[in-house]
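# Residue-level structure breakdown
Listed here are the chains, written in short residue letters.
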Amino acid sequence: MRSGADIPVPRTTLRVVCDIATGPSTTIGVVTAYWCERAWLSGGVSDRVRVTTDDAGFVTAVEVGEQPEPPDVRLPGIVVPGFANAHSHAFHRALRGRTHVDGGTFWSWRERMYAAAARLDPDSYRRLATAVYAEMALAGVSCVGEFHYVHHQTDGTPYEDPNAMGEAVRDAAKAAGIRLTLLDTCYLSGGFGKPLSAAQLRFGDGDAERWAERVASLRPDATTRVGAAIHSVRAVPAEQIPTVVAASSGRPLHVHVSEQPAENEECLDAYAATPTQLLHDHGALSPATTAVHATHLMPDDVALLGGQRTTVCVCPTTERDLADGIGPARALYDAGSPLALGSDQHAVIDMFEEARALEMHERLTTHQRGRFAPGDLLTALTSAGHASLGWPEAGRIEAGAQCDLVAVRLDTPRTAGIDPTQLVLAATAADIDTVVIGGRPVVRDGRHVLGDVGELMNDAVDEVWSGL
Ligand SMILES: [Zn+2]
């Protein structure tokens with residue numbers, strides 16, 4: 001494996017210094033070119049593609065059939081657009097490989113998750129999220145949607161900066177070199193008609209008005225957008241939902257929907273409506289909304305979500321890890337819902353695995369192959385995911401788009417001999433060689449600019465559990 005010092009200086013029209021820690025400099029007028037053996041463009045896979053980017057990290061030109069020139073940064077294998085991880089709870093990564101001994105249920109797993117949440121402060125959260133987002137970058141993720149609900153001190157008292165935890169998430173994404181949509185989450189009750197439990201106090205703002213006031217002080221920047229989330233119909237009483245919807249106008253709004261049958265049963269008891277119907281009745285479903293999971297739906301729910309063009313974010317590796325079940329992904333897609341993908345609790349961070357599982361779980365339930373074409377799966381990972389997170393200018397390799405490039409080797413034991421158009425059914429995160437985000441190389445030769453991400457993660461996870 002080559003060291004970062006061997007990375008070639010990008011082709012430029014002006015002199016540019018390529019620093020592995022920051023990528024190409026932002027000198028005005030600098031143009032950088034990446035030359036791809038193959039690239040997945042809107043018309044399919046093309047050979048010998050040069051992608052030129054400006055100093056702001058946008059693609060200025062895509063040329064096909066070009067020979068590489070010595071200053072080009074050459075990308076091996078096949079280059080696909082950067083991936084959107086549309087649903088993340090960064091701190092859940094601390095639970096990976098620690099919850100499989102005693103069996104249990106989603107609800108017993110949740111108790112362990114609350115124990116991790118209780119250990120976080122802004123500094124430890126920043127360190128853990130930095131390692132998690134670096135792991136994502138290694139897996140080709142150029143943008144993450146952080147469904148963020150650990151807002152306050154453990155007794156519910158706000159930090160001196162009431163957004164200190166959200167700012168820690170922002171800092172982490174910047175350190176790891178990925179873009180962020182901070183989906184600041186309204187979380188008000190501990191269940192239908194129940195107050196927050198002691199473990200949930202730090203999630204709550206009291207009511208939706210106070211949640212909206214806090215979120216209003218969060219500012220977007222060049223690599224951060226601020227969205228909103230309704231944790232679930234369990235955690236936000238129906239009468240509070242319109243306030244969240246109004247405060248999130250013009251921004252992405254995400255919501256967990258029907259991950260577990262118990263949520264449906266309790267919602268029907270409380271409101272005589274399914275979670276999807278309740279959200280629709282209170283104005284929460286629209287093309288700007290993303291329903292996360294949507295696992296246990298009634299046929300009318302599928303029609304409502306599709307009819308509103310509400311995106312559905314499926315999180316297959318989490319849904320199987322937590323024994324949630326398999327949702328009606330193809331039916332939702334046919335009804336009109338774009339599909340996005342998320343690694344959610346990060347039992348796995350491999351977006352190829354999420355995309356592949358979307359198809360494979362359909363095969364298991366329908367006994368049919370080819371429920372989604374490979375291109376459909378890549379769309380979920382790229383343009384649909386980015387649109388769900390409020391970055392419609394990302395997820396494609398074309399002029400005017402964010403220059404997010406993921407080069408996947410085609411000469412590894414896993415990918416050698418495959419048809420490149422079926423990459424998503426064969427590759428893993430370990431096959432990714434280079435990741436360029438906003439024109440900057442964040443991963444080269446399979447190494448992140450921060451160095452040993454495993455060591456970073458080990459230290460951060462140890463910090464969460466130390467002393468217990
Ligand atoms: Zn979630």
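Just so it is clear, the model here is predicted, and its values are computed rather than measured.

One open sheet holds the eight strands; their spatial order is 5-4-3-6-15-16-17-18, and the pairing between them is mixed. The sheet is open, and its two borders are formed by strand 5 (59–64) and strand 18 (447–448), each paired with just one other strand. Where strand 3 (residues 32–41) and strand 4 (residues 44–53) come together, nine bridges link them in antiparallel fashion. The residue bridging L41 from the neighbouring strand is G44, located in strand 4.

Turning next to the pairing of strand 15 (residues 405–408). Burial along strand 15 is two-sided: L405 and A407 and V406 and V408, pointing in opposite directions, are all buried. Direction of pairing for strand 6 (residues 73–81) relative to strand 15: antiparallel, over a ladder of four bridges. Bridge pairing in strand 15 links I78 to V408. Pairing of strand 15 with strand 16 (residues 432–437) involves four bridges; the strand directions are antiparallel. Residue pairing in the sheet places A407 in a bridge with T434 of strand 16.

This brings us to the packing of helix 2 (residues 122–138) against helix 3 (residues 164–176). Closest axis-to-axis distance for the helix 2/helix 3 pair is 8 Å, and the angle between their directions is 35°. The hand of the helix 2/helix 3 crossing is right-handed. Contact residues: helix 2 offers P122, Y125, R126, A129, T130, Y133, A134 and A137, while helix 3 offers A164, M165, A168, V169, D171, A172, A173, A175 and A176. Grouping the constituent residues of the contact of helix 2 with helix 3 by class yields 14 nonpolar, one polar and two charged.

Turning next to the sheet that holds strand 9 (residues 179–186). Read from one edge to the other, the open sheet built from eight strands follows the order 7-8-9-10-11-12-13-14, with strand pairing classed as parallel. The open sheet has two edge strands with one neighbour each: strand 7 (83–88) and strand 14 (339–341). Shown here is a sheet whose adjacent strand axes are inclined to one another by a mean of 25°, direction ignored. Helix 3 rests against strand 8 (141–148), strand 9 and strand 10 (224–230) of the sheet, and its axis sits at about 160° to strand 9.

The subject of this paragraph is helix 14 (residues 453–465). Look at helix 14: 18 Å from first C-alpha to last across 13 residues, which is about the 18 Å you get at 1.5 Å a residue. Here helix 14 has its buried residues at V453, L456, M457, A460, V461 and V464. Seen along its axis, helix 14 keeps its buried residues to an arc of 120°; they face one direction. Exposed and facing more than 90 degrees away from the buried side of helix 14 are G454, E455, N458, D459 and D462. Turning to helix 14, the residues buried within the fold contact helix 1 (106–118), helix 2 and strand 18.

Parameters and conventions
Residues numbered from 1 in each chain as written. Predicted model: local features only at pLDDT ≥ 70, side-chain atom pairs only at ≥ 80, totals over all residues. Pairing = 2+ DSSP bridges. Helix = DSSP H or I, 4+ residues; strand = E, 2+ residues; numbered from the N terminus. Buried ≥ 20, exposed ≤ 12 C-beta atoms within 10 Å, placed from the backbone. Axes fitted to C-alpha atoms, helices over the stretch in contact; angles between N-to-C directions. Left-handed = near helix turned anticlockwise from the far one by under 90°. Contact = placed C-beta atoms within 7 Å. Nonpolar A, V, L, I, M, F, W, Y, C, P; charged D, E, K, R; others polar. Expected span 1.5 Å × (residues − 1). Arc of directions from axis to C-beta.

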